[in-house]
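# Residue-level structure breakdown
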Amino acid sequence: MSTKFLEIKNISKKFGNVIALDNVSLSISKSELFSLLGSSGCGKSTLLRIIAGFEKPDSGSIILDGEDITNLPPHLRPLNMMFQNYALFPHLNISQNIEFGLKEENLPKNEILERTREILNLLELTGLEKRKIYEISGGQQQRVALARAIAPKPSLLLMDEPLSSLDEELREQLAREIRLILKQENVSAILVTHDQNEAFAVGDHICVM
């Protein structure tokens, strides 16, 4: 039986005359934390967007947990994405931001409340539940973004340079914390970053693009 959880097979993508990805293949195992490390413009974010379904590859396929998801729309893929700008809802408080994805899955109210409490505790956000996003620090916003992303227990978490807006000391601290939290939640994840220290702090394996 294959141990491969995500298989990226011969993915190529061009934008006009610019080759973003040229026959890229890699795989990750279940519960593995995988870092994609590379400079700006190397194609790592394009690859992440193809996995998420926001871009279509010119050729190749994406297999997730044995299912070909290459042509599935983003909302039908069993994964979540954590964006560089966090994409949090400023009109909602912390609890409501975390609950958003759970409500989208039409879970019972008691399950939503229980999972939200669990995640608030895990991310050390208990006591801040009612604060709006503009009332908390950048590091706390990053925690809320991570909390919202993992609350629905996605099969795969994609992280597109989520720490790039933070200062170096806080970035390294949160990178280590992200690793611990994802391991505790048994989440498979891909981190895209240009920062070598961040890549090593989070990833079990590192791919240099």
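The following refers to the structure shown. Fair warning: this is a prediction, and the values are worked out from it, not measured in the lab.

### With respect to the packing of helix H2 (residues 94-104) against helix H4 (residues 138-150)
One way to put it is that H2 packs onto H4 with a least axis distance of 7 Å and a crossing angle of 30°. Taken together, the axis directions place H2 and H4 in an arrangement best described as roughly parallel. Crossing of H2 over H4 shows right-handed handedness. Contact residues: H2 offers Ile94, Asn97 and Ile98, while H4 offers Val144, Ala147 and Arg148. Here the residues of the contact of H2 with H4 are counted per class, giving four nonpolar, one polar and one charged.

### Here's the deal with the packing of aromatic side chains
Overall, the coordinates contain one aromatic pair when judged by the stated rule. When the centroid spacing of 4.7 Å and the interplanar angle of 50° are considered together, the rings of Phe89 and Phe100 count as tilted. Taken together, the positions of Phe89 in the loop between strand E6 (79-82) and H2 and Phe100 in helix H2 put the pair 11 residues apart, joining distant regions of the chain. Since its relative accessible area comes to 23%, Phe89 is described here as partly exposed.

### Things to note about the sheet that holds strand E1 (residues 4-15)
Pairing within the open sheet is antiparallel, and its four strands lie in the order E2-E1-E4-E5. Each having just a single partner strand, strand E2 (18-29) and strand E5 (67-68) make up the two edges of the open sheet. Here strand E4 (residues 59-64) runs beside E5; their pairing, made up of two bridges, is antiparallel. Bridged to Leu64 within E5 is Glu67.

### Re unusual backbone geometry
Even without glycine at this site, Asn10 takes up a positive phi of about 55°. Backbone geometry places Ser31, a non-glycine residue, at a positive phi of 70°. Counting through the fold element by element, Ser31 comes out in the loop between E2 and strand E3 (33-37). The class for Ser31 is buried, based on a relative accessible area of 18%.

Procedures and definitions
- Residues numbered from 1 in each chain as written.
- Predicted model: local features only at pLDDT ≥ 70, side-chain atom pairs only at ≥ 80, totals over all residues.
- Heavy atoms only, no water.
- Axes fitted to C-alpha atoms, helices over the stretch in contact; angles between N-to-C directions.
- Helix = DSSP H or I, 4+ residues; strand = E, 2+ residues; numbered from the N terminus.
- Parallel < 35°, antiparallel > 145°, perpendicular 65-115°, else oblique.
- Left-handed = near helix turned anticlockwise from the far one by under 90°.
- Contact = heavy atoms within 4.5 Å.
- Nonpolar A, V, L, I, M, F, W, Y, C, P; charged D, E, K, R; others polar.
- Phe/Tyr/Trp six-rings, centres within 6.5 Å; stacked < 30°, edge-to-face > 60°.
- Buried < 20%, exposed > 50% of the residue type's maximum accessible area, 1.4 Å probe, protein only.
- Pairing = 2+ DSSP bridges.

From the geometry alone we can't say anything about function, so treat these as descriptive.
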